[in-house]
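# Per-entry structural report
Here is how the chains run, residue by residue.
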Amino acid sequence: MREPRAHHRLVLMAAAIAALHGASANAESLRCHGNIASEGDSRLSVLHKCGQPMLTDSFCAPVYYAPSLMPVPQPFASVVAPCQQVEEWLYDRGEGNLMATVRFKSGVVQSITYGRAPK
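Now for the nonpolar core. Across soluble globular proteins, nonpolar side chains show a tendency to be buried alongside one another. Leu30, Cys32, Ala37, Val46, Cys50, Trp89, Tyr91, Ala100, Val102, Phe104, Val109 and Ile112 form the largest nonpolar core, which has 12 residues in total. Within the residue set of this core, elements represented by two or more residues are strand E1 (29-32), helix H2 (43-50), strand E4 (84-91), strand E5 (99-105) and strand E6 (108-115). Examining the composition of this core, we find that three residues originate from one element, E5, more than from any other. Sequence-distant contacts of valine 102, that is, excluding residues within four places in its chain, are made with Leu30, Glu87, Glu88, Trp89, Tyr91, Val109, Ser111 and Ile112.

Here it is, written out as structure tokens:
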């Protein structure tokens, strides 16, 4: 009777490990000059690895409060929960390659996306 339970647990553990492994595969990275910049890197690290970006932009993203996905309304947003500073750096990777947009939140790479033109 114990063997089927142990087998069931092993199957569940294998499925959980596979799901975690699949989730980490979604993280993008950016290869430049023989280095790899990835999520979690600092601005300084990306600048060192990839050099100056072609274009940069920064903006204040709204802050959302927990129970729902509604942004904190004004005037509370500027007093109680200020916006979060976000930076985007655009890298032109050359002919035949998609452009890369590196998004920073709190000075750390949050995401790297690729496209023919910036969004």
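Take the state of the cysteines next. All chains considered together, the criterion is met by one disulfide. A sulfur-sulfur separation of 1.9 Å characterises the disulfide bridge that pairs cysteine 32 with cysteine 50. On the sign convention where negative is left-handed, the bridge of cysteine 32 and cysteine 50, at about 40° about the S-S bond, is right-handed. Residue cysteine 32 is located in strand E1, and its partner cysteine 50 is located in helix H2; the two are separated by 18 residues in the primary sequence. Here cysteine 32 matches cysteine 50 in class, with each residue buried.

Take the confidence of the model for the chain next. Here the chain averages 78 in pLDDT, while 62% of its residues score no lower than 70. Within the model, pLDDT remains below 50 along residues 14-25, and this stretch shows zero contacts once partners closer than five positions in the same chain are excluded.

Let us now look at the side chain of glutamate 87. Mapping glutamate 87 onto the fold places it in strand E4. A polar contact of 2.4 Å, which involves the side chain of glutamate 87, links it to the side chain of arginine 43. When sequence neighbours within four positions are dropped, the list of residues in contact with glutamate 87 reads Arg43, Asp57, Ser58, Val102, Arg103 and Phe104.

Next up on the list: the side chain of lysine 49. As for its position among the elements, lysine 49 is in helix H2. By relative accessible area, which is 19% here, lysine 49 ends up buried. Polar side-chain contacts of lysine 49 include one of 3.0 Å to the backbone oxygen of isoleucine 36.

Another aspect to go through is the sheet that holds E5. Pairing within the open sheet is antiparallel, and its four strands lie in the order E3-E4-E5-E6. Every interior strand has two partners, whereas the edge strands, strand E3 (55-61) and E6, have only one. Neighbour-to-neighbour, the strand axes of this sheet turn through a mean angle of 20°, independent of strand direction. Strand direction decides the pairing type here: E4 and E5, joined by six bridges, are antiparallel. By the bridge assignment, leucine 90 is partnered in E5 with threonine 101.

Parameters and conventions
- Residues numbered from 1 in each chain as written.
- Predicted model: local features only at pLDDT ≥ 70, side-chain atom pairs only at ≥ 80, totals over all residues.
- Heavy atoms only, no water.
- Core = buried A, V, L, I, M, F, W, Y, C linked by side-chain atoms within 4.5 Å.
- Buried < 20%, exposed > 50% of the residue type's maximum accessible area, 1.4 Å probe, protein only.
- Helix = DSSP H or I, 4+ residues; strand = E, 2+ residues; numbered from the N terminus.
- Contact = heavy atoms within 4.5 Å.
- Disulfide = S-S within 2.5 Å.
- pLDDT = per-residue confidence, 0-100.
- Polar contact = N/O pair within 3.5 Å; in protein donor to acceptor, adjacent residues only side chain to side chain.
- Pairing = 2+ DSSP bridges.
- Axes fitted to C-alpha atoms, helices over the stretch in contact; angles between N-to-C directions.

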